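# Commentary on secondary and tertiary structure
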Amino acid sequence: GAVVSQHPSWVICKSGTSVKIECRSLDFQATTMFWYRQFPKQSLMLMATSNEGSKATYEQGVEKDKFLINHASLTLSTLTVTSAHPEDSSFYICSANEEQETQYFGPGTRLLVL
Amino acid sequence: KQEVTQIPAALSVPEGENLVLNCSFTDSAIYNLQWFRQDPGKGLTSLLLIQSSQREQTSGRLNASLDKSSGRSTLYIAASQPGDSATYLCAVNYGQNFVFGPGTRLSVLP
């Protein structure tokens, strides 16, 4: 089946720094990628929808200037957490659509901001 | 190996029926389990979250149960409506990783 990778799997950073997370579709072209996050003991929640070559669509309550999404190619989307703070510590996971209804998930990235 | 399966793969019912969707997981050392709804081309919408210490959760017409010892969760949908038509995914959170089921595609006919 289709594979989606994420890099890095773990990241620890200091407060105020920016962190970039990559999401790649390894054997298919993904016109749409999704970014999710999960805070401890909470549900996985959609942050934004990323369409190749256009601006991402953010869910209500997600700051677009803080979570920069770039989907420059059909196999790569990046999420940059700018000026990260401890409250941004979370589990971030991406998914990619191969077709309209088939969604494949990456393994996730755990971010810890000190 | 951590695996999640869902039965049935697809379901088509007339409006008004009560439904049960099943999710099974092989590794019972879960952190929590979540049920999601997926509409075509859209991201997942979280429906219910059950922590490992809980037995069930309810939200409106939805009720999800969890039996860790047997590795099962069920999603019960009462009085189904055409707007419930979607793919329903269960996802098991093992703390360090998620394992998603393949989904149940539901069609509720008017």
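Residues numbered from 1 in each chain as written. Chains lettered and ligands numbered in written order. Predicted model: local features only at pLDDT ≥ 70, side-chain atom pairs only at ≥ 80, totals over all residues. Heavy atoms only, no water.

## Quick look at the packing of aromatic side chains
Stated precisely, the cut-off is as follows: The criterion for an aromatic pair is that two Phe, Tyr or Trp rings (for Trp, the six-membered ring) have centres within 6.5 Å, with stacked assigned to planes under 30 degrees apart, edge-to-face to planes over 60 apart and tilted to the rest. Each helix is a run of H or I in the DSSP string that is no shorter than four residues. Each strand is a run of E no shorter than two, and both are numbered from the N terminus. When accessible area is computed with a 1.4 Å probe and restricted to protein chains, residues below 20% of their type maximum are described as buried, those above 50% as exposed, and intermediate ones as partly exposed.
Enumeration according to the criterion identifies 5 aromatic pairs over all chains in this entry. Ring centres of B:Phe36 and B:Phe100 lie 6.3 Å apart, and the angle between their planes is 40°; this geometry places the pair in the tilted category. Of this pair, B:Phe36 sits in strand 4 (residues 32-38) while B:Phe100 sits in strand 10 (residues 98-100), and the two are 64 residues apart along the sequence. Here B:Phe36 and B:Phe100 have matching classes, each one buried. An aromatic cluster of three or more residues is present, and its members are A:Tyr36, A:Phe105, B:Phe36 and B:Phe100.

## Some thoughts on the state of the cysteines
All names here are of chain A. In plain terms, the rule: In plain terms, two cysteine sulfur atoms within 2.5 Å form what is called a disulfide here.
Summed over the entire model, instances satisfying the criterion amount to 2 disulfides over all chains. For Cys23, the disulfide goes to Cys94, at an S-S distance of 2.0 Å. Taking the sign of the S-S torsion, about 80° here, the bridge from Cys23 to Cys94 comes out right-handed. One end of the pair, Cys23, is in strand 3 (residues 19-25); the other, Cys94, is in strand 9 (residues 90-97), with 71 residues separating them in the sequence. The same class applies to Cys23 and to Cys94, which are both buried. Summary of cysteine pairing: Cys13 is not part of a disulfide, and the nearest cysteine sulfur, belonging to Cys94, is at 18 Å.

## Some remarks on the confidence of the model for chain B
Applied cut-off: Confidence of the prediction at every residue is given by pLDDT, a number between 0 and 100.
Of all residues in chain B, 99% attain a pLDDT of 70 or more, and the chain-wide mean is 93. Between the elements of chain B, mean pLDDT differs from a low of 84, seen in strand 10 of chain B, to a high of 98, seen in strand 8 (residues 72-77) of chain B.

## Digging into the interface of chain B and chain A
What counts here: Here, two residues are considered to be in contact whenever any of their heavy atoms come within 4.5 Å of each other. Buried area: the sum, over both parts, of the accessible surface (1.4 Å probe) that disappears when the two are put together. Basic side-chain nitrogens of Lys or Arg form a salt bridge, by our definition, when they fall within 4 Å of a carboxyl oxygen of Asp or Glu. Whenever a nitrogen or oxygen atom comes within 3.5 Å of another N or O atom, the pair is scored as a polar contact, on the condition that within protein one atom can donate a hydrogen and the other can accept it, and that pairs from neighbouring residues in sequence are kept only if both atoms are in side chains.
Taken residue by residue, the interface counts 19 residues in chain B and 18 residues in chain A. Taking both partners together, chain B and chain A bury about 1600 Å²; carbon and sulfur atoms supply 51% of that area. By the criterion of area lost to chain A, the three top residues of chain B are B:Gly41, B:Leu44 and B:Phe98, representing 27% of everything that side buries. Counting across the chain B and chain A interface gives 0 salt bridges. One can count 3 residue pairs in polar contact (both at pLDDT 80 or more) joining chain B with chain A.

## Considerations on the pairing of strand 6 (residues 56-59) of chain B
Note the threshold: Any two strands between which DSSP finds at least two bridges are classified as paired.
In this structure, strand 6 of chain B lies alongside strand 7 (residues 62-67) of chain B, joined through 4 bridges in antiparallel fashion. Paired with B:Gln57 across the strands is B:Ala64, a residue of strand 7 of chain B.

## A look at the sheet that holds strand 3 of chain A
All names here are of chain A. Definition in use: Axes here refer to lines fitted to C-alpha atoms; in helices the fit is confined to the stretch in contact. Angles between the N-to-C directions go from 0 to 180 degrees.
Taking strand neighbours across the sheet as the criterion, the 4 strands line up as 1-3-8-7 in an open arrangement whose pairing is antiparallel. The sheet is open, and its two edges are formed by strand 1 (4-7) and strand 7 (67-73), each paired on a single side. On average, each strand axis in the sheet is tilted by 15° relative to the strand beside it, whichever way the strands run. Taken together, the 4 bridges between strand 1 and strand 3 define a ladder with antiparallel strand orientation. Across the sheet, residue Ser5 finds its bridge partner in strand 3, namely Arg24.

## Here we look at a nonpolar patch on the surface
Residue and element names in this part refer to chain A. The line we're drawing: Residues enter patches when their relative accessible area tops 30% and they take part in no salt bridge; the joining distance is 9 Å for like charges and 5 Å for the nonpolar side chains Val, Leu, Ile, Met, Phe, Trp and Tyr. Exposure was quantified through the Shrake-Rupley algorithm and a 1.4 Å probe, taking into account, for residues, occlusion by the shown protein chains and nothing else.
Together, Trp10, Ile12, Leu112 and Leu114 make up a nonpolar patch on the protein surface, roughly 430 Å² of accessible area in all. With respect to the secondary-structure elements, Leu112 resides in strand 11 (residues 109-113). For Leu112, a relative accessible area of 34% translates into the label partly exposed.

## Side note on the side chain of A:Gln6
Residue and element names in this part refer to chain A. Topologically, Gln6 is positioned in strand 1. Within polar-contact distance, the side chain of Gln6 engages the backbone oxygen of Tyr92 at 3.1 Å. Apart from residues no more than four positions distant in its own chain, Gln6 is found in contact with Ile21, Glu22, Cys23, Trp35, Tyr92, Ile93, Cys94, Gly106, Pro107, Gly108 and Thr109.

## A look at unusual backbone geometry
The linkage connecting A:His7 with the following residue, A:Pro8, adopts the cis geometry, with an omega of 0°. Positionally, A:Pro8 belongs in the loop between strand 1 and strand 2 (10-13). Going from B:Ile7 to B:Pro8, the amide bond is cis rather than trans, its omega being -5°. Considering the arrangement of structural elements, one finds B:Pro8 in the loop between strand 1 (4-7) and strand 2 (10-14). Here A:Ser83, not a glycine, exhibits a phi torsion of approximately 45°, which is positive. Along the polypeptide, A:Ser83 turns up in the loop between strand 8 (76-81) and strand 9. Accessibility expressed as a relative area gives 32% for A:Ser83, which makes it partly exposed. The backbone of B:Ala79 shows a phi angle near 45°, a positive value even though the residue is not glycine. Structurally, B:Ala79 can be placed in the loop between strand 8 and strand 9 (86-93). For B:Ala79, a relative accessible area of 37% gives the class partly exposed.

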